[in-house]
Structures are given as C-alpha cells and as structure tokens.
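Commentary on secondary and tertiary structure
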Amino acid sequence: MAMDLRPTGPLKADINVTPLVDVMLVLLIIMMLIAPLLPQGIAVTLPEARNSSQKPDTQEQTVVSIDSHSRVYVNRAPATRGDLVPLVQKALEAKKEKLVYVKGDKDAKYSAVMDAMDALRKAQIENIGLITERNQDQAGKAAGKESNGQRSVR
C-alpha cells in the first residue's frame, strides 16, 4: 500500500495490514518448526494385549509411566518411589476424572509396575487403567478404522 504524503486534504485512515501478515507468517513458520520438537511423552514400548479397547489420548489424563530401566514418571515429570503418591494426588486434585493410567514398558521389571500400582492402591486411588498396544492379530481383524499400534486401555 502506498502512503499519501499530500499536505492538504483529509487524513487517510486506512490500516496497513502488510506488516501484520508478515508477522503472522513468521509466527506460523516458527510454530511449524518447533512443534515436532516438543516432548511427546516418555519413550515406553508398551506390551501387547488381546483384550483391549481403544483409548482416546487427551492432555487431561494422569499418566504414570515406568520405563525399561524401572524409572517412574508422573505426567512426564521424573518421580521417585516416595514422591509417586503425592505427585499423583496433586495431579488428581483439580480433575473431574479420578483415573490414573499406568504405562509400563514391556522390558520393565514386573515388580516395578506392581510396586507403582500397590502404592496407588494404598493411597486410596482405586481407578487405575493399564495402557497396552493392541495385539497385531486383533488389529488386523478390527473393522478397518483402527490402524496397527493404536494405544488402548485394558
């Protein structure tokens, strides 16, 4: 857009949107570059299960993850065995759904997963779900809407 430099005549009250569009395009490019680098969660290889149902992923879930080295995380934040229950209770305070999902790596020690579940049960947290991968045989027989490797809760 051109700028009118005439000293006489009425003032021009048009908004120049070109700088606004430039700034918005730069912000869009920055977001497109940064989005894939954002943390997606704890890298856990989930075990496969035959009897599992599809579970939607939302940001409002409380997830306890146990990796292959038996390290515990609460909503992607590292936790110790002693901090597990207070961190989960703090995460559940403001939520409607008092449900905790446990993601145990298939290479993690069984005792590490059971210790986390026992600690949650002792803290009066009764709604616990185990997150598993759908068995490849079951995924192939599904109605075609689901893809192989959908997360599911059992």
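Residues numbered from 1 in each chain as written. Predicted model: local features only at pLDDT ≥ 70, side-chain atom pairs only at ≥ 80, totals over all residues. Heavy atoms only, no water.

Thoughts on the overall build of the protein chain
The helix and strand inventory of the protein chain stands at four helices and eight strands. Each helix (α) and strand (β) of the protein chain, taken in turn from the N terminus, gives the series α-β-β-β-β-β-α-β-α-β-α-β. A total of 154 residues make up the protein chain; the buried ones form 31% of that total. Considering only residue pairs separated by 6 or more positions, the protein chain has 65% of its internal contacts joining residues 24 or more positions apart. Surface summary for the protein chain: the accessible area is close to 11,300 Å², and the carbon and sulfur share equals 57%. (Helix = DSSP H or I, 4+ residues; strand = E, 2+ residues; numbered from the N terminus. Buried < 20%, exposed > 50% of the residue type's maximum accessible area, 1.4 Å probe, protein only. Contact = heavy atoms within 4.5 Å. Areas by Shrake-Rupley, 256 points an atom, 1.4 Å probe, with all protein chains shown as cover.)

Examining the pattern of salt bridges
Taken as a whole and judged by the stated rule, the model has two salt bridges. The salt bridge partner of Asp-67 is Arg-71, with a shortest N-O separation of 2.9 Å. A residue is classified by how much of its surface remains accessible, and Arg-71, at 43% relative accessible area, is partly exposed. With a closest N to O distance of 3.1 Å, Glu-126 and Arg-121 form a salt bridge. (Salt bridge = Lys/Arg side-chain N within 4 Å of Asp/Glu carboxyl O.)

What about unusual backbone geometry?
Non-glycine residue Asn-75 carries a positive phi angle of around 50°. Here Asn-75 shows up in the loop between β4 (72-74) and β5 (77-79). Residue Asn-75 is classed as partly exposed on the basis of its relative accessible area, which comes to 32%. For Gln-124, which is not glycine, the phi dihedral falls at a positive 70°. As for its placement among the helices and strands, Gln-124 is situated in the loop between α3 (110-122) and β7 (128-134).

Let's talk about the environment of Ser-65
Here Ser-65 shows up in strand β3 (residues 62-66). With 23 residues separating them in the primary sequence, Ser-65 and Ile-42 have C-alpha atoms 7.0 Å apart. Aside from chain neighbours lying at most four places away, what touches Ser-65 is Ile-42, Val-44, Arg-71, Val-72, Tyr-73 and Lys-103.

Notes on the layout of surface pockets
When its volume is computed, the second largest pocket comes out at roughly 280 Å³. What lines the second largest pocket is a set of 18 residues, among which Pro-47, Gly-104, Val-113, Leu-130 and Thr-132 lie closest to the centre. Of all the secondary-structure elements, those providing two or more residues to the lining of the second largest pocket are β1 (48-49), β6 (100-104), α3 and β7. The greatest single-element share of the lining of the second largest pocket, amounting to four residues, is contributed by α3. (1 Å grid on protein atoms, 1.4 Å probe; cavity = no way out; pocket = protein on both sides within 12 Å on 5 of 7 lines; lining within 4 Å. Points joined across faces, edges and corners; volume = space filled by probe spheres on them.)

Focus on the nonpolar core
Grouped together as the largest cluster of nonpolar side chains are 20 residues, with contacts concentrated most on Ile-66, Val-88 and Ile-125. Mapped by element, the contributors of at least two residues to this core are β3, β4, α2 (84-93), β6 and α3. Examining the composition of this core, we find that five residues originate from one element, α3, more than from any other. Apart from residues lying up to four places away in sequence, Val-88 is in contact with Thr-62, Val-64, Val-74, Val-100, Leu-120 and Ile-125. The next biggest cluster of nonpolar side chains, apart from the first, holds eight residues, and it includes Ile-42, Val-44, Tyr-73 and Ile-131. (Core = buried A, V, L, I, M, F, W, Y, C linked by side-chain atoms within 4.5 Å.)

So, α3
Across its 13 residues, α3 extends 18 Å between first and last C-alpha, which sits within 8% of the 18 Å expected from 1.5 Å per residue. All of the buried residues along α3 are Ala-112, Val-113, Ala-116, Met-117 and Leu-120. Take α3 and look down its axis: the buried residues cluster within an arc of 130°, on one side only. Facing away from the buried side of α3, by more than 90 degrees, are the exposed residues Tyr-110 and Lys-122. Residues of α3 that are buried sit in contact with β3, α2, β6 and β7. Residue Gln-124 follows α3 closely and has a positive phi angle near 70°. (Expected span 1.5 Å × (residues − 1). Arc of directions from axis to C-beta.)

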